Amino acid sequence: MAAPNSIIPPLVRSSALPSNQPGLMDPIFPGGTSIPFETDDSSPFDDRYSIAKERARLLDLIESEDPDPTDPRWPRYELYLQRCDKLKQMEADYRVTNGADHVVEASVANQLRDLGGLVDDGIDTMTLHTKEGFRMFMGRRRDPAGKYNAIPGGKRVASSLKALWTLTRNNNPYADWALLRADNRIPELRRGLDHQTRTFDAEIKKKADKGLGFAILKSREPKVLELGFRSPYGYAIAELIVEFDYYVRVVKTLGRKAIFSDKQEHDAIRQFTRPMRAAFEEFIRFETWLTKPELLPLSRTDFLPGADTNAQRRVAAVTGILGTVPPGIYAGRQVSRHSQRRVSISDTEKVMLERVAKELAAIDQESGTAVDEPTDEGLVD
């Protein structure tokens, strides 16, 4: 026989609930009386017992230093304590077993912690055949004599995009904006290269149909570069450069076989070198400013009402340099393909972000301070 105040797991009565107590169920203690309790569909218990709702109903007993055992809710209070202990046991069991199904032995489930992360077992490479393609990857510094301007290279811009990708971890809306622009510009350039390459390939095929078979030029000693990028955007840049390298091979083939004049060959290559470098310059510009020590802590919270003085200074500086971030990006409605942003936003915070986004949109319309499309000015082939 159990002691009068002991807690015995309840059995759930199958009868219908009383109409005057919606959402309550009647557990029956053997030899005892029914104890009603609140339920919730998200409850971890089979009988849908709600700890949160019960706490609200029993708050005075729970927070009392000396709860009154004569209170008519005392059995309900004891049941609450029992379920809290049970939930702690369930949570501990879940942690120990790594959330594995009950049929999985604990010794097996624990091996999940020892499972190593994924690594590149081989070496990623990129093969380039043309000087134009290699230069597009390598870039060029400004020479000491000042005769040649610096031109951005794929290796440098891959590093910039990795830095921006890392900044998304700080909930930085401008890093999100830069990566979204990269998500659009890089595939757009690749599509342009692919379309033009297929057009030129068709010219070569026409010659083949008439009996002239032309092979696409390739280097006697192509250079195989090891990549090892640490962000997805590095590989996106590598794919773009390989597309460009092959495009140059096709164009030079047309020049070598007298299908193109020297000027046509030069103009066809220039058609893509300039927009590619302009895009690279844009991404590098974002990274150069956003990684300044003064702007490094920049976050969406800096734009919220009540932000401190340093946050207000960061907002004033970044909007003055890069323009007003688009409201859809600030509010999180538009996200980049790859991001390290892992922020759980409540409904209240979403409303606040949307409100600030509307204010930013209004400011942008009044001042016209948004970032302009990049130009080719100052770039050198």
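Structure's up top.
Residues numbered from 1 in each chain as written. Predicted model: local features only at pLDDT ≥ 70, side-chain atom pairs only at ≥ 80, totals over all residues. Heavy atoms only, no water.

Visitor: An account of the pairing of strand β5 (residues 125–128) is needed here, citing residue identities and associated values.
Guide: Side-chain alternation along β5 places Met126 and Leu128 on a buried face and Thr125 and Thr127 on a face that remains uncovered. Across four bridges, β5 lies against strand β6 (residues 223–226) in antiparallel orientation. In the sheet register, Leu128 faces β6, and the bridge partner there is Lys223. (Buried < 20%, exposed > 50% of the residue type's maximum accessible area, 1.4 Å probe, protein only. Helix = DSSP H or I, 4+ residues; strand = E, 2+ residues; numbered from the N terminus. Pairing = 2+ DSSP bridges.)

Visitor: Before we move on, could you go through the side chain of Asp143 and cite the residues and values that matter?
Guide: Mapped onto the fold, Asp143 is located in the loop between α6 (131–138) and α7 (154–167). Buried within the structure, Asp143 lacks any salt-bridge partner; Arg142 is the closest side chain of opposite charge, at an N-O distance of 5.7 Å. Side-chain polar atoms of Asp143 contact the backbone nitrogen of Lys147, separated by 2.8 Å. (Lys, Arg positive; Asp, Glu negative; His and termini not counted. Salt bridge = Lys/Arg side-chain N within 4 Å of Asp/Glu carboxyl O. Polar contact = N/O pair within 3.5 Å; in protein donor to acceptor, adjacent residues only side chain to side chain.)

Visitor: If you had to explain the packing of aromatic side chains to someone new, which residues and values would you point to?
Guide: A complete count under the given rule lists 11 aromatic pairs for this structure. Both rings, one in Phe45 and one in Tyr49, keep their centres 6.0 Å apart while their planes meet at 85 degrees; by these two values the pair is edge-to-face. Comparing Phe45 with Tyr49, the two get one shared label, buried. Ring plane angle 75 degrees and centroid distance 5.6 Å describe the contact between Trp177 and Phe286, whose orientation is recorded as edge-to-face. Of this pair, Trp177 sits in helix α8 (residues 173–209) while Phe286 sits in helix α10 (residues 262–290), and the two are 109 residues apart along the sequence. Judged on exposure class, the residue Trp177 and its partner Phe286 are both buried. An aromatic cluster is built from Tyr174, Trp177, Phe286, Phe303 and Tyr330, whose rings are joined through pairwise contacts. (Phe/Tyr/Trp six-rings, centres within 6.5 Å; stacked < 30°, edge-to-face > 60°.)

Visitor: Talk me through the nonpolar core; I want residue IDs and the actual numbers.
Guide: By size, the foremost hydrophobic cluster in this structure holds 60 residues, and its most contacted members are Leu161, Tyr174, Met276, Leu290 and Phe303. At 12 residues, α8 tops the list of elements feeding residues into this core. In this structure, Ile35, Phe45, Ile51 and Leu61 belong to the second largest nonpolar core, which totals 13 residues. (Core = buried A, V, L, I, M, F, W, Y, C linked by side-chain atoms within 4.5 Å.)

Visitor: Explain the environment of Phe229 residue by residue, including any values.
Guide: Following the sequence through the fold, Phe229 ends up in the loop between β6 and α9 (232–256). Take Phe229: its relative accessible area is 13%, and that puts it in the buried class. In this structure, the C-alpha to C-alpha distance between Phe229 and Ala158, residues 71 residues apart in sequence, is 7.9 Å. The residues contacting Phe229, other than those within four sequence positions of it, are Phe137, Ala158, Gly234, Tyr235 and Ala238. (Contact = heavy atoms within 4.5 Å.)

Visitor: Could you give an account of α10, naming the residues involved and the relevant values?
Guide: For α10, with 29 residues, the first-to-last C-alpha span of 42 Å sits near the 42 Å given by 1.5 Å per residue. At Arg270, α10 is deflected by roughly 25 degrees, the largest bend along its length. (Expected span 1.5 Å × (residues − 1). Bend = angle between axes of the 7 residues up to and from the residue.)

Visitor: Can you explain the pattern of salt bridges? Please cite residues and give values.
Guide: Counted according to the given criterion, the structure contains 20 salt bridges. Measuring nitrogen to oxygen at the nearest pair gives 2.8 Å for the salt bridge that ties Asp60 to Arg73. Here the residue Asp60 occupies a position in helix α2 (residues 59–63), and Arg73 occupies one in the loop between α2 and α3 (74–96), the gap between them amounting to 13 residues. A relative accessible area of 48% places Asp60 in the partly exposed class. Given a relative accessible area of 25%, Arg73 falls into the partly exposed group.

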